[in-house]
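What the coordinates show
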Amino acid sequence: MEVREDQVTSKSLIKVLGKDAVSPRWTEFADKYALLIDGFLGKYFPTVDAAEVVNETLIALVEKLPLYQYDPDEKGHFRNYLLGIVRYKAIEQLKRRKRYDELKQHVKDQAFEWTCQARSYKADLSDWQKDAYEAALQQFFANPDVSTRDKEIFRRIIRRGEKPEDVASVFGIMRNNVDQIMARTREKLKKLALQYADICNG
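My aim in this report is to walk through the structure given alongside it, one point at a time.

Formed by 24 residues in total, the largest nonpolar core has its most connected members in Phe 29, Tyr 33, Leu 41, Leu 65, Phe 78 and Leu 82. At the level of secondary structure, the elements contributing two or more residues to this core comprise helix H2 (11-19), helix H3 (26-44), helix H4 (50-64) and helix H6 (78-120). Those residues in contact with Leu 65, other than ones at most four positions away along the chain, are Ile 14, Leu 17, Gly 18, Trp 26 and Phe 78. In terms of nonpolar packing, the next biggest core, distinct from the first, is built from 19 residues, Phe 154, Ile 157, Ala 168 and Leu 189 among them.

Given below as structure tokens:
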């Protein structure tokens, strides 16, 4: 059944979310548009990871809604604006899958070249470990098997210095879920960094 615009769009809800990136009403928004987005992806992009596309769409909306003005007569319906973002994120995911093997090999080759040079020139161990960690970060963010949500949670807390409880509110999850995601991510990065550190051994 087709979802009519007046069944979905709430001007007041969009306005609230545009002013508050950590509003608890993001959960309401996600529930309200779930059927529309799932139907669109099922019809046009049946092979994508729908949950990841939805997460990426919500992240994009956090940045875009403060500037969005709801005016269906002049700018078209909000559902078209929303589905435009969904379409873009779905295409991005498909492109990432295609590039992943090549990118993974590229990162691995870079790490191999760097570690061999580091051993040849007896680079300081702390610098060597730092670069191994950076190489691990590159592979982590390029890995399509890691959800966009987990990547963004890590980015917000580590790179932007946001508080875990604030990040939990943005994604509509509990604080302990954020802590679990961060612990898993740190463990993955540790293992990747150790792999890079051992490339030139032997």
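More follows now that the structure is in view.
Below, the discussion takes up H4. The end-to-end C-alpha distance of H4, which contains 15 residues, comes to 21 Å, matching closely the 21 Å that a straight helix rising 1.5 Å per residue would cover. For H4, the full list of buried residues reads Glu 52, Val 53, Asn 55, Glu 56, Thr 57, Ile 59, Ala 60, Leu 61 and Val 62. A distance of 3.2 Å separates the backbone nitrogen of Ala 51 from a side-chain oxygen at the start of H4, and that oxygen is part of Asp 49.

In this fold, Leu 58 is placed in helix H4. On the accessibility criterion, Leu 58 (22% relative accessible area) is partly exposed. With 28 residues separating them along the chain, Leu 58 and Ala 30 place their C-alpha atoms 8.1 Å apart. For Leu 58, the contacting residues outside a window of four places in its chain are Trp 26, Phe 29 and Ala 30.

Using the criterion set out here, one finds nine salt bridges in the structure. With a shortest N-O distance of 3.4 Å, Asp 150 and Arg 149 are connected by a salt bridge. With a closest N to O distance of 3.0 Å, Glu 165 and Arg 175 form a salt bridge. Residue Glu 165 is found in helix H9 (residues 164-171), and its partner Arg 175 is found in helix H10 (residues 175-197); the two are separated by 10 residues along the sequence. By sharing partners, the salt bridges in this structure join Glu 152, Arg 155, Arg 156 and Glu 162 into a single network.

This next bit is on the packing of H2 against H3. At a minimum axis distance of 10 Å, the contact between H2 and H3 shows a crossing angle of 135°. By the angle class used here, H2 and H3 are oblique. Classified by chirality, the crossing of H3 by H2 is left-handed. From H2, Leu 13, Ile 14 and Leu 17 reach across to H3, where they touch Trp 26, Glu 28, Phe 29, Lys 32 and Tyr 33. When its residues are assigned to classes, the contact of H2 with H3 shows six nonpolar, no polar and two charged.

Another point: the packing of aromatic side chains. Per the counting criterion, the structure on display carries 12 aromatic pairs. Ring geometry for Phe 40 versus Tyr 44: centroids 5.1 Å apart, planes at 45°, classification tilted. With Phe 40 and Tyr 44 both in helix H3 and four residues apart, this pair spans about one turn of that helix. By relative accessible area, Tyr 44 is classed as partly exposed at 48%. Three or more aromatic residues joined by ring pairs make a cluster, and in this case those are Trp 26, Phe 29, Tyr 33, Tyr 68, Phe 78 and Tyr 81.

Here the focus is the packing of H3 against H4. One can describe the packing of H3 onto H4 by two numbers: an axis separation of 11 Å at closest approach and a directional angle of 130°. With respect to their mutual orientation, H3 and H4 come out oblique. Remark: the crossing between H3 and H4 carries right-handed chirality. Here Trp 26, Phe 29, Ala 30, Ile 37 and Leu 41 of H3 come into contact with H4, specifically with Ala 50, Val 53, Val 54, Leu 58, Leu 61 and Val 62.

Looking now at the side chain of Lys 89. Counting through the fold element by element, Lys 89 comes out in helix H6. Residue Lys 89 is classed as buried on the basis of its relative accessible area of 16%. Residues in contact with Lys 89, not counting those within four places in the same chain, are Val 53, Glu 56, Thr 57 and Ala 60.

About the criteria used
- Residues numbered from 1 in each chain as written.
- Predicted model: local features only at pLDDT ≥ 70, side-chain atom pairs only at ≥ 80, totals over all residues.
- Heavy atoms only, no water.
- Core = buried A, V, L, I, M, F, W, Y, C linked by side-chain atoms within 4.5 Å.
- Buried < 20%, exposed > 50% of the residue type's maximum accessible area, 1.4 Å probe, protein only.
- Helix = DSSP H or I, 4+ residues; strand = E, 2+ residues; numbered from the N terminus.
- Contact = heavy atoms within 4.5 Å.
- Expected span 1.5 Å × (residues − 1).
- Polar contact = N/O pair within 3.5 Å; in protein donor to acceptor, adjacent residues only side chain to side chain.
- Salt bridge = Lys/Arg side-chain N within 4 Å of Asp/Glu carboxyl O.
- Axes fitted to C-alpha atoms, helices over the stretch in contact; angles between N-to-C directions.
- Parallel < 35°, antiparallel > 145°, perpendicular 65-115°, else oblique.
- Left-handed = near helix turned anticlockwise from the far one by under 90°.
- Nonpolar A, V, L, I, M, F, W, Y, C, P; charged D, E, K, R; others polar.
- Phe/Tyr/Trp six-rings, centres within 6.5 Å; stacked < 30°, edge-to-face > 60°.

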